[in-house]
Amino acid sequence: MKQRFRALSAAAAVAAVLTLAAPSAFAEVEPGGWTSYSPSFSEQERGCGQINGLTFQLTCSTGSGDQRAERRYATYSSGSRQFEGYFKITSMSGGTRISLKQTFNESAAGPYFMLAVESGGRLYRVGAGTVANGATVGTTVRVNTVHVVGSTHKTYINGSLKQTISSPRGSFYDKFGSYRTDSGKGPITVQWSGVNFWRK
């Protein structure tokens, strides 16, 4: 099993984002008082995970072990944070139950929110129910999460609010890419674009 971490600067993050054109203009789903910023990040490749720019792949069908290709952003512990990104699954032959976006609770040493996809296009919160449908191969989907630390975490799909859950206090960070859940397997190829962050 291989493991690679590459720390990249905020400037490099912006440059990487600009290599793929976003499907539409960027905009917060909850406007008012937000400030755009570019947090630093590192990349994680484990097992059969591969990263090429903003393309994240699991190349194997292994249903065990740590299989991931993810980008992990800087930790935050207060205030309100908004993430926005567009993903398109370009192939998922035999793959299913792959996490695409996480809000990770560093204080609890585990995922707090995991948005995953099943074969067929159902988006769901791992450990809970359906968030949305229609994330089929070749379809571009917009994801926004609005996290108020110690209060709420909201998930928007294509601009529509789909889920609101309570949030504990603590330290958190955003992750996206492709990550095999405990019941999932690859292969899968996911392209992300139009990644933005705001805070207030």
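Everything numeric in this text was worked out from a predicted model, so none of it was measured.

**Q** In this structure, what is going on with the pattern of salt bridges? I would like to understand it.
**A** Overall, the coordinates contain 11 salt bridges when judged by the stated rule. One salt bridge connects arginine 68 with aspartate 66, and the closest N-O pair in it is separated by 3.0 Å. In this pair, the class of arginine 68 matches that of aspartate 66, namely buried. Between aspartate 174 and lysine 101 there is a salt bridge whose closest N-O contact spans 2.9 Å. Of this pair, aspartate 174 sits in strand β15 (residues 172–185) while lysine 101 sits in strand β8 (residues 96–105); the two residues are 73 residues apart in sequence, bridging distant segments of the chain. It is possible to trace a salt-bridge network through shared partners that takes in Arg46, Asp66, Arg68, Glu70 and Lys175.

**Q** Whenever I open this one, the nonpolar core confuses me. Can you help?
**A** Proteins that are soluble and globular tend to have nonpolar side chains buried together. Counting residues in hydrophobic clusters, the biggest one holds 37 residues, and the most contacted among them are Phe87, Val117, Leu123 and Trp192. With 5 residues, the top contributor of residues to this core is strand β16 (residues 188–199). Excluding its chain neighbours within four sequence positions, the residues that come into contact with leucine 123 are Phe87, Leu100, Leu115, Ala116, Val117, Thr130, Val131, Ala132, Ala135, Val141 and Ile157.

**Q** How do you make sense of the state of the cysteines when you look at a structure like this?
**A** The bond known as a disulfide is covalent and runs between the sulfur atoms of two cysteines. By the definition in use, this model includes 1 disulfide. The residue that forms a disulfide with cysteine 48 is cysteine 60, at a sulfur-sulfur distance of 2.1 Å. What sets the handedness of the cysteine 48 and cysteine 60 disulfide is the S-S torsion sign, and at about -65° it is left-handed. Of this pair, cysteine 48 sits in the loop between β3 (41–46) and β4 (49–52) while cysteine 60 sits in the loop between β5 (55–58) and β6 (68–73), and the two are 12 residues apart along the sequence. Considered together, cysteine 48 and cysteine 60 belong to a single accessibility category, that of buried residues.

**Q** Explain the packing of aromatic side chains to me, please; I cannot follow it from the model alone.
**A** Each aromatic ring pair is described using two quantities: the centre-to-centre distance and the angle formed by the ring planes. Applying the stated rule across the entire model yields 13 aromatic pairs. Ring geometry for phenylalanine 83 and phenylalanine 197: centres 5.5 Å apart, planes at 65°, overall edge-to-face. Residue phenylalanine 83 is located in strand β7 (residues 80–91), and its partner phenylalanine 197 is located in strand β16; the two are separated by 114 residues in the primary sequence. When sorted by exposure, phenylalanine 83 lands in the same class as phenylalanine 197, which is buried. Joined through ring pairs, the aromatic side chains of Tyr37, Phe41, Phe56, Tyr73, Phe83, Phe87, Phe176, Trp192 and Phe197 make up one cluster. The ring of tyrosine 173 carries arginine 72 above its face, with NZ or CZ at 3.5 Å from the centroid. Lying over the aromatic face of tyrosine 37, arginine 199 brings its terminal NZ or CZ to 4.3 Å of the ring centre.

**Q** Sorry, what's going on with unusual backbone geometry here?
**A** Only a minority of non-glycine residues have a phi that is not negative, and only a minority of peptide bonds are not trans. Of note, the bond from glycine 186 into proline 187 is cis; its omega dihedral lies within 30 degrees of zero at 5°. Assignment of secondary structure puts proline 187 in the loop between β15 and β16. Look at asparagine 158: it is not a glycine, yet its phi comes out positive at around 50°. By the element assignment, asparagine 158 lies in the loop between β13 (152–157) and β14 (160–166).

**Q** What is the right way to look at the confidence of the model for the protein chain in this model?
**A** Within the protein chain, residue pLDDT values average 90, and 87% of them lie at 70 or more. With pLDDT under 50 throughout, residues 5–25 is counted as low confidence; its partners more than four residues away or in other chains account for 32 contacts.

**Q** I keep staring at the side chain of arginine 46 and nothing clicks. Help me out?
**A** With respect to the secondary-structure elements, arginine 46 resides in strand β3. Take arginine 46: its relative accessible area is 17%, and that puts it in the buried class. In terms of polar contacts, arginine 46 uses its side chain to reach the side chain of aspartate 66, at 2.8 Å.

**Q** What is the right way to read the environment of glutamine 82 from this model?
**A** Positionally, glutamine 82 belongs in strand β7. As for glutamine 82 and aspartate 174, which are separated by 92 residues in sequence, their C-alpha atoms are 9.8 Å apart. In this structure, glutamine 82 is in contact with Glu28, Val29, Glu30, Trp34, Asn144, Thr145, Val146, Asn196, Phe197 and Trp198, ignoring residues within four places of it in sequence. A distance of 2.9 Å separates a polar atom in the side chain of glutamine 82 from the backbone nitrogen of valine 29.

Definitions and cut-offs
- Residues numbered from 1 in each chain as written.
- Predicted model: local features only at pLDDT ≥ 70, side-chain atom pairs only at ≥ 80, totals over all residues.
- Heavy atoms only, no water.
- Salt bridge = Lys/Arg side-chain N within 4 Å of Asp/Glu carboxyl O.
- Buried < 20%, exposed > 50% of the residue type's maximum accessible area, 1.4 Å probe, protein only.
- Helix = DSSP H or I, 4+ residues; strand = E, 2+ residues; numbered from the N terminus.
- Core = buried A, V, L, I, M, F, W, Y, C linked by side-chain atoms within 4.5 Å.
- Contact = heavy atoms within 4.5 Å.
- Disulfide = S-S within 2.5 Å.
- Phe/Tyr/Trp six-rings, centres within 6.5 Å; stacked < 30°, edge-to-face > 60°.
- Lys NZ or Arg CZ within 6 Å of the ring centre and 35° of its normal.
- pLDDT = per-residue confidence, 0-100.
- Polar contact = N/O pair within 3.5 Å; in protein donor to acceptor, adjacent residues only side chain to side chain.

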